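# Observations on chain architecture
Here is how the chains run, residue by residue.
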Amino acid sequence: MSAWGVRTVAVLEVRQRIRSTRWKVALIAFFVVVGLIAWGVAAAVSGVGDSEWLSRQDAGRVLFGVVLMVVLFLGLLVSPTLSATSVNGDRAAGTLAVLQVTTLTPLDLAVGKLLAAWGAALAFLATSLPFLVWGAVLGRISPVRVVASVLTLAFVLAVVCAVGLALSASVARPAGSALLTYVVVAGVGVGTLIAFGLSAFFLQRTEVVQVYGVDVGGSGACSWSEREETQTHTEDTAWLLGLNPFVLVADVAAAPAPSLNGSDPLALMGAGVRFAQAGARDEIDECWLDDGGFGTSTPAGSAVWPWSIPVYAAAGAGSLWLAARRLRVPATTLPRGIRIA
Amino acid sequence: MAAAALAPADSAALVAEHLSRSFGPVRAVVDASISLEAGSVTALVGPNGSGKTTLLLMLTGLLAPDAGRVEVRGLDVATSGAAARRLIGWMPDVFGTWETLTCREVLETFAAAYRLPPAVAKERATTLLATVHLVDLADAPSRVLSRGQKQRLGLARALVHSPAVVLLDEPAAGLDPRSRIELRGIVRDLAEAGVAVLVSSHELAELEEMVDAAVFLQRGVSSFAPPTAALQPWRVHVLDGAAFLAWSAAVGLGVTQEAGGAGAASAVDPAACAGPAGPTHPTGPAGPATFLVSLTGELQAAQLVRDAVTAGVALTRFGPAYGRLEQAYLAMDTDRR
Ligand SMILES: Nc1ncnc2c1ncn2[C@@H]1O[C@H](COP(=O)(O)OP(=O)(O)OP(=O)(O)O)[C@@H](O)[C@H]1O
Ligand SMILES: [Mg+2]
């Protein structure tokens, strides 16, 4: 691989696919859609703000969180269209073999195509930055967290682009690889949540737990007792949530304070994951006499990104490796019914 | 196989030995060997589906052969990768264009893909656009090019890095007559400059004018000199068909009248015999007519001309019915797939 080769391929890709008015229209449409959503959210939360239970800062956090999730959602929709047809589409158009026959290496081609697709995805991300910054300023979110969230989002899109590229290099038809890429995106975006939800049914066990509760019949004070409870051990499958791109981005963005108390959607998502991680507890605090609460404080848990970022990175690197492998010449096996030229 | 066996003769720029390649049950190339000399043009001829494109793909290093190997200037294309590919220029039979790129950008991009510095790339693009007469369209998006113009751009693209070996897969397809003549000129110029050129084409008459050698491919098996028949057809145009028939009967020469559509004449392009032939009769036309005679070679042909002219036959034209390549091709068991 050489910087020269990668650059040549990336420039060609950008000129070939992206130099068309369609793209400008798509970017403008993206800007308008994100803008409308941001404006809608801002209008809604400022309306609530009048009733003075949502501070200006909280309103900003809601705006930031919603826009971040919307941009991730739209990015997940857009990214596959960029990369998922870039190898087999070129092959169908008869423009791949003539590149492979040059001194460009397979990795030059794979990385160049990936960078071009990712660059285009980043252009969409860039158009939505003004709205993110708006929310961040209102919500007084620290710049470090804003940058970290945007970088994580960009990283997720890069991985999606890499997966699309690998599929387009492995599947004969562009329509097939595009569809498969969307299936993968839906799998991690929605499938992980469904799998987590369904797994809960299989993780229920009846166990003896220690309960710290009011001894109603006796002293009237709080004391420890044992009781049989049906517990759901979500801690066993909480890792599934970590694979979800929305959870991952929210987790990075909500650090360091996931919380159920408040309106920040990112903090709420983070808290949800913490509860899932905590799963069944052997000790239950039901004593309302001490602090008036039922132990709704968010469990400590751990951030998901140290687990999911390596997984995503491995998936991305593996995809890139696979794509480069499928672009290797001389080709020994060809997809069925595919001619090189 | 011993490397020594493959050691190219002084001038062999590309050597391929005993290549074979199957696609599932289809044996596209069974046993093909080829040797391209620097400074010479070689024809690759064979019926549809005989494996020409597949063979070229193996020569370019895009497709791995099941057996055999290819060396370009001593570099094995399977293992030397980019270094070997750098020496080869390839024009595929079908290829796309980068729709939104201009012709100049296409050429400059490919020059960059071969690691030519931008200044050199610019210069090469300009030179090649002039060579293939696309200067007027240099800054037009390649989307708007006609089929022949695309073909010419494809040729320029294959030459952008000044390769030592040029492999052209049906380069003349879709070209107008003038472009075909120019293509011939370009190919000859390349050979003059020391490039080894391999041209696959179905236009044998045209091919014959630019090639020094020919490789025939038949059901995936290559041969350098296919057996030519002992007797070859020559075409005779005469002013008086009846008189010619009478003379040939007298000297015992077997002739077939063309345009009658019998025998060997059936294989002849109808346009070739649409001479000023008047109404024809099986017994012998009175007006101008065209006949085919089978001769053993040029010596006998010269003899025939001398005898006929001496006998007062009004000969207007006389020559081999087909070119050498055509003849060799027809001598092959031409099975299409
Ligand atoms: N990728 C492939 N998969 C399956 N079969 C193939 C493939 N490529 C070529 N073939 C088969 O191999 C045979 C040779 O094909 P090839 O394209 O080399 O012929 P050709 O000599 O170039 O023909 P033409 O003169 O029509 O261009 C054909 O029967 C073709 O169907
Ligand atoms: Mg062919």
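The structure presented is a predicted model; accordingly, all values stated were derived computationally and were not measured.

Secondary structure summary: chain B contains 12 helices and 14 strands in total. A burial count over chain B gives 50% of its 337 residues as buried. Once local pairs closer than 6 in sequence are excluded, the contacts in chain B between residues at least 24 apart make up 75%. On chain B, roughly 14700 Å² of surface is accessible, and the fraction owed to carbon and sulfur atoms is 56%.

The interface of chain A with chain B comprises 27 residues on the first partner and 35 residues on the second. Summed over both partners, the interface of chain A with chain B buries about 2800 Å², with 65% contributed by carbon and sulfur atoms. Across the chain A-chain B interface, the total number found is one salt bridge. We note a salt bridge from Glu105 of chain B to Arg15 of chain A, for which the minimum N-O separation is 4.0 Å. Counting across the interface, chain A meets chain B through 12 residue pairs in polar contact (both at pLDDT 80 or more). Every element with two or more residues in the side of chain A that touches chain B is listed here: helix 1 (3–18) and helix 5 (97–100) of chain A. Considered class by class, the residues forming the side of chain A that touches chain B number 14 nonpolar, 10 polar and three charged.

Moving on: helix 11 (residues 265–278) of chain A. All names here are of chain A. For helix 11, built from 14 residues, the straight-helix expectation of 20 Å at 1.5 Å per residue is met to within 8% by its first-to-last C-alpha distance of 20 Å. Buried within helix 11 are the following residues: Leu266, Ala267, Gly270, Ala271, Val273, Arg274, Ala276 and Gln277. On its buried side, helix 11 packs onto helix 3 (56–83), helix 8 (174–202), helix 9 (238–242) and helix 10 (245–254). Count one or two residues on from helix 11 and you reach Gly279, which has phi positive near 60°.

All names here are of chain A. On the basis of which strands lie adjacent, the open sheet formed by three strands has the order 2-1-3 and mixed pairing. Where the open sheet ends on each side, the last strands, each with one partner, are strand 2 (222–232) and strand 3 (283–285). Neighbour to neighbour, the strand axes of the sheet diverge by 35° on average, direction disregarded. Sheet analysis places strand 1 (residues 204–214) next to strand 3, joined by three bridges and oriented parallel. If you follow Tyr212 over to strand 3, its bridge partner there is Asp285.

This part is about the site of ligand 1. Inspection of the region around ligand 1 gives 17 residues, with Arg339 of chain A together with Gly49, Lys52, Thr53 and Thr54 of chain B positioned closest. Ligand 1 is flanked by residues contributed from chains A and B. Here an oxygen atom of ligand 1 sits 2.9 Å away from a polar atom, N or O, in the side chain of His202 of chain B. Alone, ligand 1 offers 640 Å² of accessible surface; in the complex the protein occludes 79% of this. Among the secondary structure elements, those contributing two or more residues to the shell around ligand 1 are strand 2 (26–37) and helix 2 (52–60) of chain B. The element that contributes the greatest number of residues to the shell around ligand 1 is helix 2 of chain B, accounting for three residues. Considering only residue class, the shell around ligand 1 consists of six nonpolar, seven polar and four charged.

Our focus in this paragraph is the packing of aromatic side chains. Considering all chains together, one arrives at nine aromatic pairs over all chains under this definition. Between Phe31 of chain A and Phe131 of chain A, the aromatic rings sit 5.2 Å apart at their centres with planes inclined by 45°, giving tilted as the arrangement. One end of the pair, Phe31 of chain A, is in helix 2 (residues 21–50); the other, Phe131 of chain A, is in helix 6 (residues 106–138), and 100 residues separate them in sequence. Relative accessible area serves as the criterion here: at 37%, Phe31 of chain A is assigned to the partly exposed category. According to the relative accessible area criterion, Phe131 of chain A is buried, its value standing at 11%. Measuring from centroid to centroid gives 6.5 Å for Phe155 of chain A and Tyr312 of chain A, while their planes differ by 45°, and the two rings are tilted. With a gap of 157 residues between them, Phe155 of chain A in helix 7 (residues 143–170) and Tyr312 of chain A in helix 13 (residues 305–326) connect regions that are remote in the sequence. Exposure remark for Phe155 of chain A: the relative accessible area of 24% places this residue in the partly exposed category. One aromatic cluster in this structure is built from Trp23, Phe30 and Phe124 of chain A. If you follow Arg157 of chain B out to its NZ or CZ, it ends over the ring of Phe110 of chain B, 5.0 Å from the centre.

What follows concerns the UniProt feature "transmembrane region" (unreviewed entry) in chain A. All names here are of chain A. The sites that UniProt annotates as "transmembrane region" (unreviewed entry) are residues 25–49, 61–80, 117–139, 146–167 and 179–203. Secondary structure over residues 61–80 splits into 100% helix and 0% strand, and the C-alpha atoms at its two ends are 29 Å apart. A helix fraction of 96% and a strand fraction of 0% characterise residues 179–203, whose end C-alpha atoms lie 33 Å from each other.

Moving on to the domain arrangement of chain B. Residues and elements named next belong to chain B. Under the domain assignment, chain B is made up of domain 1 (3–223) and domain 2 (232–335). Opposite the 12 residues of domain 1 that make contact, domain 2 presents nine residues. When the two sides are added together, the surface that domain 1 and domain 2 hide from each other amounts to roughly 1100 Å², 65% of it contributed by carbon and sulfur. When residues of domain 1 are sorted by the area they lose upon contact with domain 2, Leu204, Glu208 and Phe216 head the list and together hold 45% of the total. Taken together, the connections running from domain 1 to domain 2 amount to zero salt bridges. Summed over the shared surface of domain 1 and domain 2, the result is one residue pair in polar contact (both at pLDDT 80 or more). Those elements giving two or more residues to the side of domain 1 that touches domain 2 turn out to be helix 9 (204–208) and strand 9 (213–218). It is strand 9 that provides the largest number of residues to the side of domain 1 that touches domain 2, a total of four residues.

Attention shifts here to empty space enclosed by the protein. Empty space among the atoms becomes visible once a probe the size of a water molecule is rolled across them. All names here are of chain B. Scanning the model with the defined rule gives four cavities of 30 Å³ or more in all. In this structure, the largest cavity occupies an estimated 70 Å³ of space. Along the walls of the largest cavity sit Thr131, Val132, His133, Gln151, Arg152, Leu155, Pro171, Leu175, Ser179, Glu182, Leu183 and Ile186, which together make up its complete lining. Of all the elements in the fold, those that place two or more residues in the lining of the largest cavity are helix 7 (147–158) and helix 8 (177–192). Top element by residues in the lining of the largest cavity is helix 8. It accounts for four residues. By residue class, the composition of the lining of the largest cavity is six nonpolar, four polar and two charged.

Parameters and conventions
Numbering of residues begins from 1 in every chain and follows the order in which that chain's sequence is written. Ligands are numbered from 1 and chains lettered from A, in the order in which they are written. Residues qualify for local features only when their pLDDT is at least 70, as the model is predicted, and side-chain atom pairs are given and counted only at 80 or more; totals for whole chains, interfaces and linings, by contrast, use all residues. Processing note: side-chain calculations cover all non-hydrogen atoms of the structure and skip hydrogens and water entirely. Only DSSP runs of H or I with at least four residues qualify as helices, and only runs of E with at least two residues qualify as strands; both kinds are numbered from the N terminus onward. A 1.4 Å probe rolled over the protein chains alone gives each residue an accessible area, and that area as a share of the maximum for its type sets the label: buried under 20%, exposed over 50%, partly exposed in between. Contacts are residue-level and defined by heavy atoms, with any inter-residue pair within 4.5 Å sufficient. Areas reported as accessible are Shrake-Rupley estimates using a 1.4 Å probe. Residue values count occlusion only from the protein chains shown. As used here, buried area is the combined drop in accessible area, with a 1.4 Å probe, of two parts when they are placed together. Basic side-chain nitrogens of Lys or Arg form a salt bridge, by our definition, when they fall within 4 Å of a carboxyl oxygen of Asp or Glu. Residues adjacent in sequence count toward polar contacts only when both atoms are side-chain atoms; beyond that, a polar contact is any pair of N or O atoms within 3.5 Å, and within protein one must be able to donate a hydrogen and the other to accept it. Residue classes follow a fixed rule: Ala, Val, Leu, Ile, Met, Phe, Trp, Tyr, Cys and Pro count as nonpolar, while Asp, Glu, Lys and Arg count as charged, and any other residue, Gly among them, counts as polar. Take the residue count of a helix, subtract one, and multiply by 1.5 Å to get its expected span. DSSP calls a pair of strands paired once it identifies at least 2 bridges connecting them. Lines fitted to C-alpha atoms define the axes, with helix axes restricted to the stretch in contact, and inter-axis angles between N-to-C directions lie between 0 and 180 degrees. For each residue, the test is whether any non-hydrogen atom lies within 4 Å of the molecule or strand; if one does, the residue is near. In summary, the pairing rule links any two rings of Phe, Tyr or Trp, Trp by its six-membered ring, whose centres are within 6.5 Å, and it sorts them by plane angle into stacked for under 30 degrees, edge-to-face for over 60 and tilted for everything else. Whether a charge sits over a ring comes down to the Lys NZ or Arg CZ being within 6 Å of the ring centre and within 35 degrees of the ring normal. UniProt positions are given in the numbering used here, feature names are shortened, and annotations may be inferred rather than shown by experiment. Domain start and stop points were drawn from an automatic or database domain assignment. Grid points spaced at 1 Å over the protein atoms alone were grouped into cavities, where a 1.4 Å probe fits but cannot get out, and pockets, open sets with protein on both sides within 12 Å along at least five of seven lines, with lining residues defined by an atom within 4 Å of a point. Grid points are joined across faces, edges and corners, and a volume is the space filled by probe spheres set on the points.

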